[in-house]
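So the chains spell out like this:
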Amino acid sequence: MNIFLTSCFAGGVLTLLYGMLETKLLSVKEYKINSERVPESLSGKKIALISDIHGISHGKDNSRLFERLKEIEPDYIVICGDLVNGRGAKELKFAFRFIRKIKKLRIPVLYTFGNHEEKLRKHHRKACRRLLRFARKRIILLNNRAYKTADGETVFVGLNLPLWMYHGHDTKGIIKKRTDKILSKVNAENCYKILIAHDPEHLKEYSESGYDVCLSGHLHGGIIYVPFLGGTVTPRFQIFHKRVRGIHECGNMKMVISRGVGWHDVPIRIFNRPEIVVVKFEKEGSGSVQK
Ligand SMILES: [Fe+2]
């Protein structure tokens, strides 16, 4: 019995140590979207999706993350929410350094808030205003706004949701109304539409709102990923939720969910390395999704 208990304890400690190590193993995962809907001007282009950074650095000042971004040579970078934890002004130093550094890459950077920036807005209004001002001057801040590419064929819509929508409530069609209103301001009827929405849970409503692609994060890959079963836990405490990472289809829309770059509260990831996601677009007739 003693041997059994000792083995269980040792196994648990080793798993925890490995889980802590895995938080540092930044990876790159590429998905291809081949569709006849992809406009010529987007074909062959790449979006680097970084989500859920949570104030974490991979190397000093995120040197490893920036090295990877340079190697990827993306055409756009999307920061899909939760750059900070929303705990106060002390986090702004990290956010400002990150934004300054990413701006130096001279690639269009689109930043949409997640629930943790919304927490900052709710509990630390002054700090949130400073973050908004700083980001707006240096990168493309897409909080309930649209950004149409210079060729006019693709439009990005950044949707940021109020905190109550992160708790699984029925959104009562609010998302469609909100994104329709954003799109109406940019004449995007015939554009290829890419939605940036931190929370992937409203997949059906995003799809019904007419988007071709949705870029999401938020669920941290389920923290501890069990093959064939899914992520063990989500921020909403859903157990073995299957849709915590990867590429998914709903109607005519494809959703790419990032496992995230960082962590908060407990530094642990198991079979769930932090990642930069690369989404590569190809104009083709098959409409197939390749992993
Ligand atoms: Fe989040």
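Above this text sits the structure in question.
Rules of the game
- Residues numbered from 1 in each chain as written.
- Predicted model: local features only at pLDDT ≥ 70, side-chain atom pairs only at ≥ 80, totals over all residues.
- Heavy atoms only, no water.
- Donors = N, O, S within 2.8 Å, 3.2 Å for Na, K, Ca; no water.
- Helix = DSSP H or I, 4+ residues; strand = E, 2+ residues; numbered from the N terminus.
- Buried < 20%, exposed > 50% of the residue type's maximum accessible area, 1.4 Å probe, protein only.
- Expected span 1.5 Å × (residues − 1).
- Contact = heavy atoms within 4.5 Å.
- Core = buried A, V, L, I, M, F, W, Y, C linked by side-chain atoms within 4.5 Å.
- Phe/Tyr/Trp six-rings, centres within 6.5 Å; stacked < 30°, edge-to-face > 60°.
- Lys NZ or Arg CZ within 6 Å of the ring centre and 35° of its normal.
- Pairing = 2+ DSSP bridges.
- Axes fitted to C-alpha atoms, helices over the stretch in contact; angles between N-to-C directions.

K.L.:
Just to check I follow, could you spell out the coordination of the iron ion for this structure?
P.N.:
Ideal coordination angles are 109.5 degrees for a metal with four donors arranged tetrahedrally and 90 or 180 degrees for a metal with six donors arranged octahedrally. Protein coordination of the iron ion is provided by Asp 82 (OD), Asn 115 (OD1), His 198 (NE2) and His 218 (ND1), with donor distances spanning 2.1 to 2.3 Å. Each donor residue of the iron ion belongs to the same chain, and together they define the spacing D-x32-N-x82-H-x19-H. Taken together, the positions of Asp 82 in the loop between β3 (76–79) and α3 (92–103) and His 218 in the loop between β9 (213–216) and β10 (225–226) put the pair 136 residues apart, joining distant regions of the chain. A relative accessible area of 1% means that Asp 82 is categorised as buried.

K.L.:
When you look at helix α5 (residues 125–138) in this model, what are you seeing that I'm missing?
P.N.:
Turn by turn, an α-helix covers 3.6 residues, leaving residues three or four places apart pointing in a common direction. The end-to-end C-alpha distance of α5 is 20 Å, a good match for the 20 Å that 14 residues give at a rise of 1.5 Å each. Among all positions in α5, only Ala 127, Cys 128, Leu 131, Leu 132, Phe 134 and Ala 135 are buried. Structurally, α5 contributes buried residues whose contacts are with α3, β4 (109–111), α4 (115–123) and β5 (140–141).

K.L.:
Which parts of the structure should I look at to understand the nonpolar core?
P.N.:
Proteins that are soluble and globular tend to have nonpolar side chains buried together. One finds Phe 98, Ile 102 and Leu 131 to be the most contacted residues of the largest nonpolar core, which totals 36 residues. Of all the secondary structure elements, the ones that give two or more residues to this core are β2 (46–50), α2 (63–72), β3, α3, β4, α5 and β14 (275–283). In terms of residues, this core owes the most to one element, α3, which gives seven residues. For Phe 98, the residues in contact, after removing those within four places along its chain, are Ile 50, Ile 53, Asn 62, Leu 65, Phe 66, Ile 79 and Leu 83.

K.L.:
It is not clear to me how the packing of aromatic side chains should be interpreted in this structure. Could you clarify?
P.N.:
Aromatic rings in a pair are described by how distant their centres are and how their planes are angled relative to each other. The final tally for this structure, using the stated rule, is seven aromatic pairs. Their ring planes at 50° and their centres at 5.3 Å tell us that Phe 66 and Phe 98 sit as a pair that is tilted. On the criterion of sequence distance, the pair formed by Phe 66 in helix α2 and Phe 98 in helix α3 is long-range, its members being 32 residues apart. Comparing Phe 66 with Phe 98, the two get one shared label, buried. On the numbers, 4.0 Å between centres and 15° between planes, the contact of Phe 96 with Phe 134 is stacked. Here Phe 96, found in helix α3, pairs with Phe 134, found in helix α5; they are 38 residues apart in sequence, far enough to count as distant. The residues Phe 96 and Phe 134 share a single accessibility class, namely buried. Taken together, Phe 66, Phe 94 and Phe 98 form an aromatic cluster joined through their ring pairs. The lysine or arginine in question, Arg 138, covers the ring of Phe 134, its NZ or CZ lying 3.7 Å from the ring centre. Of note, Arg 245 hangs over the ring of Tyr 225, and the distance from its end group to the ring centre comes to 3.4 Å.

K.L.:
Explanation requested: the sheet that holds strand β6 (residues 145–148) in the structure shown.
P.N.:
Note: strands within a sheet are paired through backbone hydrogen bonds, in either parallel or antiparallel orientation. On the basis of which strands lie adjacent, the open sheet formed by six strands has the order β6-β7-β8-β9-β13-β12 and mixed pairing. Of all the strands in the sheet, just β6 and β12 (246–250) have a single pairing partner and so form its edges. In this sheet, adjacent strand axes meet at a mean angle of 20° when their direction is disregarded. Of the pairings in the sheet, the one linking strand β7 (residues 154–159) to strand β8 (residues 192–197) comprises six bridges and is parallel in character. Along β8, the bridge assignment pairs Phe 156 with Ile 194.

Distances and angles like these do not, on their own, reveal function.
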